[in-house]
Amino acid sequence: MEEKDFIQKLLDPKTQNEAFQKLLSDYQRPLYNHIRNIVLNHDDADDVLQNTFVKVFRHLKNFKGESKLFSWMYRIATNEAITFLNLKAKRNGSTSEALQTEIVNNLKADSYFDGDAIQLKLQKAISLLPQKQQLVFKMKYFEEIKYEDMSEILGTSVGALKASYHHAVKKIEKFMIHS
């Protein structure tokens with residue numbers, strides 16, 4: 001089905017429920033994984049995912065089709081996850097960097113985290129990166145999102161994304177070797 005047709009089904013009250021169920025079944029898992037890569041905690045990822053789908057549903061009528069639906073939804077999910085982390089840090093009276101460190105330190109206790117010591121060390125290295133580099137690294141490394149799609153999602157040029165990824169990899173390699 002063409003994306004335009006699918007969007008019309010989502011907007012039409014007669015076909016909306018069925019279309020939204022398809023949207024959920026197609027995008028729930030990849031969006032959850034994307035959000036989880038950003039917030040790291042399962043319960044937080046569930047909350048952000050729910051907020052994401054509420055926003056998608058509420059704002060679908062404003063979707064102009066200038067990007068792919070996938071990219072638009074990922075942009076919403078990314079913004080929701082970042083907003084969630086910033087609010088959580090503010091509520092805790094700390095910075096988002098300090099919160100990231102705390103979240104990584106709590107990963108071992110998360111029953112949904114099945115990584116080993118190397119995975120924990122990698123997450124620690126990632127948490128030390130600037131936010132943009134974290135996003136780019138996680139989207140490329142864990143989710144294998146193409147730079148062109150990432151460019152639509154993050155509103156950044158492909159060249160800048162490649163540079164961010166390169167810098168992130170270098171910093172992570174240095175951390176993994178020297179700590």
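**What to know about the overall build of the protein**
Of the regular secondary structure elements, the protein holds nine helices and zero strands. Taking 16 Å as the expected radius of gyration for a compact globule of 179 residues, we find that the protein reaches 17 Å, a close match to that expectation. Oriented by its inertia axes, the alpha-carbon framework of the protein measures out at about 60 × 35 × 30 Å. Here the protein holds 179 residues, and 44% of them are scored as buried. Contacts spanning at least 24 positions in sequence make up 58% of the contacts within the protein whose residues lie at least 6 apart. One finds the centroid of the 26 positive side-chain charges in the protein at a distance of 5 Å from the centroid of its 23 negative side-chain charges.

**Details of the side chain of Ser71**
Structurally, Ser71 can be placed in helix H4 (residues 69-91). In this structure Ser71 touches Asp149, Glu152 and Ile153, once residues within four positions along its chain are discounted.

**Points about the packing of aromatic side chains**
Using the criterion set out here, one finds nine aromatic pairs in the structure. Ring geometry for Phe70 and Tyr74: centres 4.5 Å apart, planes at 45°, overall tilted. With a gap of four residues between them, Phe70 and Tyr74 both fall in helix H4, about one helical turn apart. Judged by relative accessible area, which is 5%, Tyr74 ranks as buried. Taking the centre distance of 5.0 Å and the plane angle of 85° together, the rings of Tyr141 and Phe142 count as edge-to-face.

**Quick notes on helix H5 (residues 96-106)**
Taken together, the buried positions of H5 are Leu99, Gln100, Ile103 and Val104. One side of H5 carries all its buried residues, which in axial view fall inside an arc of 135°. Where H5 is buried, its residues touch helix H2 (16-39), H4, helix H6 (117-127) and helix H7 (131-141). Sitting at the amino-terminal end of H5 is Thr95, which places a side-chain oxygen 3.0 Å from the backbone nitrogen of Ala98.

**A look at H4**
Taking 1.5 Å per residue, 23 residues should reach 33 Å; H4 reaches 33 Å between its end C-alpha atoms and fits that length. Two residues or fewer past H4, Gly93 is found with a positive phi of approximately 70°.

**Remarks on the pattern of salt bridges**
Under the counting rule described, the total for this entry stands at five salt bridges. The partner of Glu173 in a salt bridge is Lys170, and the shortest N-O contact between them spans 3.6 Å. Residue Glu173 and its partner Lys170 are both found in helix H9 (residues 158-178); the two are separated by three residues, about one turn of the helix. Accessibility expressed as a relative area gives 45% for Lys170, which makes it partly exposed.

Analysis parameters
- Residues numbered from 1 in each chain as written.
- Predicted model: local features only at pLDDT ≥ 70, side-chain atom pairs only at ≥ 80, totals over all residues.
- Heavy atoms only, no water.
- Helix = DSSP H or I, 4+ residues; strand = E, 2+ residues; numbered from the N terminus.
- Rg over C-alpha atoms; globule rule 2.2 N^0.38 Å.
- Buried < 20%, exposed > 50% of the residue type's maximum accessible area, 1.4 Å probe, protein only.
- Contact = heavy atoms within 4.5 Å.
- Lys, Arg positive; Asp, Glu negative; His and termini not counted.
- Charge placed at Lys NZ, Arg CZ, Asp CG, Glu CD.
- Phe/Tyr/Trp six-rings, centres within 6.5 Å; stacked < 30°, edge-to-face > 60°.
- Arc of directions from axis to C-beta.
- Polar contact = N/O pair within 3.5 Å; in protein donor to acceptor, adjacent residues only side chain to side chain.
- Expected span 1.5 Å × (residues − 1).
- Salt bridge = Lys/Arg side-chain N within 4 Å of Asp/Glu carboxyl O.

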